[in-house]
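Each chain, written out:
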Amino acid sequence: MTINDPELAKIIKNKLPIDINGKQFIVEPSKGGKCDGCYFQSQLTCPVKAVTYCTSNGGNIFKIKQ
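Residues numbered from 1 in each chain as written. Predicted model: local features only at pLDDT ≥ 70, side-chain atom pairs only at ≥ 80, totals over all residues. Heavy atoms only, no water.

Chemist: How should I be thinking about the overall build of the chain in this particular structure?
Modeler: From N to C terminus, the chain includes 2 helices and 3 strands. Starting at the N terminus, the α and β elements of the chain follow one another as α-β-β-α-β. Over its C-alpha atoms the chain spans a radius of gyration of 11 Å, differing by no more than 12% from the 11 Å that the globule rule assigns to 66 residues. By its C-alpha atoms, the chain is 30 × 20 × 20 Å across when sized along the principal axes. (Helix = DSSP H or I, 4+ residues; strand = E, 2+ residues; numbered from the N terminus. Rg over C-alpha atoms; globule rule 2.2 N^0.38 Å.)

Here it is as structure tokens:
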């Protein structure tokens, strides 16, 4: 977890896709730090990279890139 990661803030602001396990995702801020609407919400576990991003800068969720 990072409190204020400028690289992550840039990724979110510019809707830059990130690769997790061979799939492209857009990172979006999470309302209230909840997992609602996150691609990984229905998974038993989240990939390590996803957890790092989701717990930083106040909380984030992942949407599959269309």
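Chemist: Even after reading the chapter, I still don't get the packing of aromatic side chains, so can you show me in this structure?
Modeler: Given two aromatic rings, one states the distance between the centres and the angle between the planes to describe the pair. One pass over the structure, following the stated rule, counts 5 aromatic pairs. Both rings, one in Y39 and one in F40, keep their centres 5.1 Å apart while their planes meet at 85°; by these two values the pair is edge-to-face. Residue class for Y39 comes out partly exposed when judged on its relative accessible area of 30%. The exposure class assigned to F40 is buried, which follows from its relative accessible area of 7%. (Phe/Tyr/Trp six-rings, centres within 6.5 Å; stacked < 30°, edge-to-face > 60°. Buried < 20%, exposed > 50% of the residue type's maximum accessible area, 1.4 Å probe, protein only.)

Chemist: Whenever I open this one, the environment of D19 confuses me. Can you help?
Modeler: Note on placement: D19 falls in strand β1 (residues 18-20). The exposure class of D19 is partly exposed, given its relative accessible area of 36%. Discounting residues that sit within four places of it in the chain, D19 has contacts with Q24 and K49. Engagement of the side chain of D19 in a polar contact is seen with the backbone nitrogen of G22, the distance being 3.5 Å. (Contact = heavy atoms within 4.5 Å. Polar contact = N/O pair within 3.5 Å; in protein donor to acceptor, adjacent residues only side chain to side chain.)

Chemist: What exactly am I supposed to notice about the layout of surface pockets here?
Modeler: Empty space left among the atoms is revealed by rolling a probe the size of a water molecule over them. Considering only enclosed or pocket space, the largest pocket measures out at about 160 Å³ in volume. Surrounding the largest pocket, 14 residues form its lining, C35, C38, C46, C54 and N60 being those nearest its centre. Counted by class, the lining of the largest pocket contains 7 nonpolar, 6 polar and 1 charged residues. (1 Å grid on protein atoms, 1.4 Å probe; cavity = no way out; pocket = protein on both sides within 12 Å on 5 of 7 lines; lining within 4 Å. Points joined across faces, edges and corners; volume = space filled by probe spheres on them. Nonpolar A, V, L, I, M, F, W, Y, C, P; charged D, E, K, R; others polar.)

These figures come from the coordinates and say nothing about function on their own.
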